[in-house]
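# Tertiary structure, described
Here are the chains, one letter per residue:
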Amino acid sequence: RSSDAAVPRAVWCPMTIEFVIRGDYIQLDQLLKATGLVPSGGEAHAATTAGAVSVDGQVETRKRAKLRAGQRVHFGTDEVLLLPSPLQSELPPSIV
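Now for a look at the structure at hand. (Residues numbered from 1 in each chain as written. Predicted model: local features only at pLDDT ≥ 70, side-chain atom pairs only at ≥ 80, totals over all residues. Heavy atoms only, no water.)

### Structural notes on the sheet that holds strand β3 (residues 53-55)
Put simply, the rule is: In this scheme, strands are said to pair when DSSP sees at least two bridges between them. The helix and strand labels rest on DSSP assignments: H or I over at least four residues marks a helix, E over at least two residues marks a strand, and numbering proceeds from the N terminus.
Strand order in the open sheet formed by 5 strands is β1-β7-β6-β3-β4, and the pairing between neighbours is mixed. Of all the strands in the sheet, just β1 (16-21) and β4 (58-59) have a single pairing partner and so form its edges. In terms of strand pairing, β3 meets β4 through 2 bridges, oriented antiparallel. Looking at the pairing, Val55 lines up with Gln58 of β4.

As structure tokens, this is what we get:
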């Protein structure tokens, strides 16, 4: 008879990644690679084309979509929050 004792199980918890953008924007495929959510550009393109990525709650199929600080990207159970670089947030809007 098998025991029904508590057995440790892996629990998949959603993760929020805070990613600082250097410059005005980052392309979606580059973001997926830089955060480690996909291992290659080819997989980033495939995931985007398949509709597996959303930006601010909308499915995004443009693999090179330009993403800016303040946007949220969802892929699987993970979320990426895009943040401005500290330098950019200190500059007046006319310079950024």
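### Examining the pattern of salt bridges
Here is the rule we go by: Note on definitions: salt bridges are taken to be side-chain nitrogens of Lys or Arg within 4 Å of carboxyl oxygens of Asp or Glu. When accessible area is computed with a 1.4 Å probe and restricted to protein chains, residues below 20% of their type maximum are described as buried, those above 50% as exposed, and intermediate ones as partly exposed.
Using the criterion set out here, one finds 2 salt bridges in the structure. For Arg62, the salt bridge is made with Glu60, and the minimal N-O distance between the two is 2.8 Å. Residue class for Arg62 comes out exposed when judged on its relative accessible area of 53%. Arg72 is the partner of Glu79 in a salt bridge, and the nearest nitrogen-oxygen pair spans 3.2 Å.

### A closer look at the pairing of β1
Of the two faces of β1, the one lined by Ile17, Phe19 and Ile21 is fully buried and the one lined by Thr16, Glu18 and Val20 carries no buried residue. Two strands pair when backbone bridges link them, and β1 and strand β7 (residues 78-84) are joined in this way by 6 bridges, in the parallel orientation. Of the residues in β7, the one forming a bridge with Val20 is Leu83.

### Quick notes on helix α2 (residues 41-49)
The following threshold applies: This arc describes the spread of directions from the helix axis toward the C-beta atoms. It only takes one pair of heavy atoms within 4.5 Å for two residues to be counted as in contact.
Considered for burial, the residues of α2 that qualify are Ala44, Ala47 and Thr48. Down the axis of α2, the sector holding all buried residues measures 95 degrees, keeping them to one side. Each element contacted by the buried residues of α2 is listed here: α1 (28-34), β3 and β6 (72-75). Looking one or two residues beyond α2, the residue adopting positive phi is Gly51, at roughly 80 degrees.

Everything listed here is a matter of coordinates, which is why it stays silent on function.
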